[in-house]
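Remarks on the overall topology
Listed below, chain by chain, are the residues.
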Amino acid sequence: MPSLKDSARVVKQLETLEYRVLKVFVSSIKHHEIINNHNILSYSNLHKDRVEYALENLLKLKLIFKTEKGFKLLTAGLDVFALKLLVESGIIIGIGNSLGIGKESDVVEAISEIHQRRAVKFFRIGRISFTDTKRKRSLEKNKNVNNWLLINIEAAKREYDFLIKLKSTKMNIATPYFRSMHSIVMDRINGLRLIEIRNLHNPKEIFYKVFEQIRLAYNENIINGDLSEYNILLDENNDILIIDWPQAVTLDHPNAEFLIRRDLHNVIRYFRRKFDLSIDEDLYYNSLVKK
Ligand SMILES: Nc1ncnc2c1ncn2[C@@H]1O[C@H](COP(=O)(O)OP(=O)(O)OP(=O)(O)O)[C@@H](O)[C@H]1O
Ligand SMILES: [Mg+2]
C-alpha cells in the first residue's frame, strides 16, 4: 500500500502535464476502470508525444498500472489527485503523522492554511479481503462491486453527508470541512478511543455522555450502525465524540431497529465488562424509541 507521505511528496513533484493526464483517469472512474491510449488521447486533448511522456512518468511513480487493454488508476494515483485538490482548494497546506489505521481507512494529521490541526480520512475499503458478510452483501447490490476506487469515493460522500447533517445538531462531531474524492477533512480530535482508556474517574458519567450522543443522533433519525469502544473518543475536555459514520443509516432503514439495539448493546457491554457497571439495556432502548 502506498504511504500518504510518499503521495504528498509526489504532489510537489508532479507537473501540470501529468496532472492533466491523471485527471483523465479520475474523470473516467465511473465509466472505465481501464482506459486505452486512444481514449486518453482524445479526452486529454494533448499531443500524442506529451501523453506518452506523462504516462511513462505516472507509471514510474506507480500512480497508474499498465494492463493488456490499457491503463488503470491505482489508489496512490487517486491519493495524489485528492491531495492536490485539497492543497489547491486551500483546505490544507501539508500532511503530517498518521492518526490511525482503521479497517477501512488511513487517517493522517494535516495543517490548514490558518495553521489549525486537521484530520484527513482516506477510505481504503477493499485493502484487506473482507469476510464481513453484511457489508459484502450490501456491496454486491452495487454493479461496480470491483471498482474499489469508486466504492471508496462513495463511502467518503456518505460519511461526509452524515457528518454535515450531524454537525448541524447539538452533537459533538469533528467538524467536517471538505471532501476530496475518497478523503474527508475534519477537525483533529485530541483524545483517546474508549478502547485505549485504562481508568475512568466516573465511568457512569461517561456512559451517560455516550448515551446522550446516541440519543441526539437518534432524534435526528440517524443510527451509527458500527458503534463500539473503537469509534468513541473521549477528548481533552472530557467530552464524548462518536466518529466513523460511513455505514450510518436513517430510521427508515429496514435494519434500523437491529442496528440501534446492537449499537447500544456494544456500548453497554463495554461499560459492563470494563467498569463493572450494571446497565439495563431495555430501559435505555425504550427511553430512546419512545418519542
Ligand atoms: N477526527 C479525528 N481526529 C483524530 N483521530 C481520528 C479522527 N478520525 C479518526 N481518527 C483516528 O483514526 C482511526 C480510524 O478512523 P475511523 O474509525 O473513522 O476509520 P475506520 O477505518 O472506519 O475504522 P474501523 O477500523 O473502526 O472500521 C480512529 O480509530 C481514530 O484513532
Ligand atoms: Mg473506526
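Preceding this section is the structure that the text describes.
This section reports on the structure supplied with the text.

Basis of the calculations
Residues numbered from 1 in each chain as written. Chains lettered and ligands numbered in written order. Predicted model: local features only at pLDDT ≥ 70, side-chain atom pairs only at ≥ 80, totals over all residues. Heavy atoms only, no water. Donors = N, O, S within 2.8 Å, 3.2 Å for Na, K, Ca; no water. Helix = DSSP H or I, 4+ residues; strand = E, 2+ residues; numbered from the N terminus. Buried < 20%, exposed > 50% of the residue type's maximum accessible area, 1.4 Å probe, protein only. Core = buried A, V, L, I, M, F, W, Y, C linked by side-chain atoms within 4.5 Å. Domains from an automatic or database assignment. Contact = heavy atoms within 4.5 Å. Near = heavy atom within 4 Å. Polar contact = N/O pair within 3.5 Å; in protein donor to acceptor, adjacent residues only side chain to side chain. Areas by Shrake-Rupley, 256 points an atom, 1.4 Å probe, with all protein chains shown as cover. Salt bridge = Lys/Arg side-chain N within 4 Å of Asp/Glu carboxyl O. Pairing = 2+ DSSP bridges. Axes fitted to C-alpha atoms, helices over the stretch in contact; angles between N-to-C directions. Parallel < 35°, antiparallel > 145°, perpendicular 65-115°, else oblique. Nonpolar A, V, L, I, M, F, W, Y, C, P; charged D, E, K, R; others polar.

**Focus on the coordination of the magnesium ion (ligand 2)**
At 2.1 to 2.3 Å from the magnesium ion (ligand 2) lie its protein donor atoms, namely Asn 231 (OD1) and Asp 244 (OD). Of this pair, Asn 231 sits in the loop between strand 10 (222–223) and strand 11 (232–235) while Asp 244 is found in the loop between strand 12 (240–242) and strand 13 (249–250), placing the two residues 13 residues apart along the sequence. A relative accessible area of 18% means that Asp 244 is categorised as buried.

**What about the nonpolar core?**
Core analysis: the largest hydrophobic core is formed by 54 residues, its most contacted members being Leu 194, Phe 207, Val 210, Ile 214, Trp 245 and Phe 271. The dominant element in this core, judged by the number of residues it contributes, is helix 9 (residues 256–275), at 9 residues. Counting contributing residues per domain, this core is built from domain 2 (90–187) and domain 3 (191–289), each supplying no fewer than three. Not counting the four nearest positions on each side in its chain, Phe 207 is found in contact with Val 267, Ile 268, Phe 271, Leu 277, Ile 279 and Tyr 284. In this structure, Leu 22, Leu 55, Val 80 and Ala 110 belong to the second largest nonpolar core, which totals 42 residues.

**So, the site of ligand 1**
Near ligand 1 you find 19 residues, and of these Lys 103, Ser 105, Lys 121, Ile 189 and Asp 244 are the closest. Here an oxygen atom of ligand 1 and a side-chain polar atom of Lys 121 are 2.7 Å apart. Between ligand 1 and the protein, one listed contact pairs a nitrogen atom with a backbone N or O atom of Asp 187 at 2.9 Å. Burial of ligand 1 by the surrounding chains reaches 91%, relative to a free accessible area of 620 Å². Elements with a minimum of two residues in the shell around ligand 1: strand 4 (94–101), strand 5 (105–111), strand 6 (117–123) and strand 8 (183–187).

**With respect to the pattern of salt bridges**
Enumeration over the complete set of coordinates arrives at 17 salt bridges. Notably, a salt bridge pairs Lys 209 with Glu 205, separated by 3.7 Å at the nearest N-O pair. Taken together, the residues span about one helical turn, with Lys 209 and Glu 205 both in helix 8 (residues 203–219) at a distance of 4 residues. According to the relative accessible area criterion, Lys 209 is partly exposed, its value standing at 23%. Classification of Glu 205 by relative accessible area gives partly exposed; the value is 32%.

**Details of the sheet that holds strand 9 (residues 191–193)**
One open sheet holds the 3 strands; their spatial order is 9-11-12, and the pairing between them is antiparallel. Either end of the sheet is taken by a strand with one partner, and the two such strands are strand 9 and strand 12. Neighbouring strand axes in the sheet, compared pairwise and without regard to direction, differ in orientation by 30° on average. Here strand 9 pairs with strand 11 via 3 bridges, running antiparallel. Looking across to strand 11, one finds that Arg 193 is bridged to Leu 233. Of the strands in this sheet, strand 11 and strand 12 touch helix 8, which is tilted by about 40° from strand 12.

**Things to note about the packing of helix 2 (residues 16–28) against helix 3 (residues 37–44)**
Where helix 2 meets helix 3, the axes come as close as 10 Å, and the angle between the chain directions of the two elements is 110°. Between helix 2 and helix 3, the crossing angle belongs to the class labelled roughly perpendicular. Across from Arg 20, Val 21, Val 24, Phe 25 and Ser 28 in helix 2, the residues of helix 3 making contact are Ile 40, Tyr 43 and Ser 44. Along the lines of polarity and charge, the residues of the contact of helix 2 with helix 3 split into 5 nonpolar, 2 polar and 1 charged.

**Points about the sheet that holds strand 8**
Hydrogen bonds along the backbone pair up the strands of a sheet, which may run parallel or antiparallel. Reading across from one edge, 4-5-6-8-7 is the order of the 5 strands in this open sheet, with antiparallel pairing throughout. The strands lining the two open edges of the sheet, one partner per strand, are strand 4 and strand 7 (176–180). Neighbour-to-neighbour, the strand axes of this sheet turn through a mean angle of 25°, independent of strand direction. Pairing of strand 6 with strand 8, which is carried by 5 bridges, proceeds in the antiparallel orientation.

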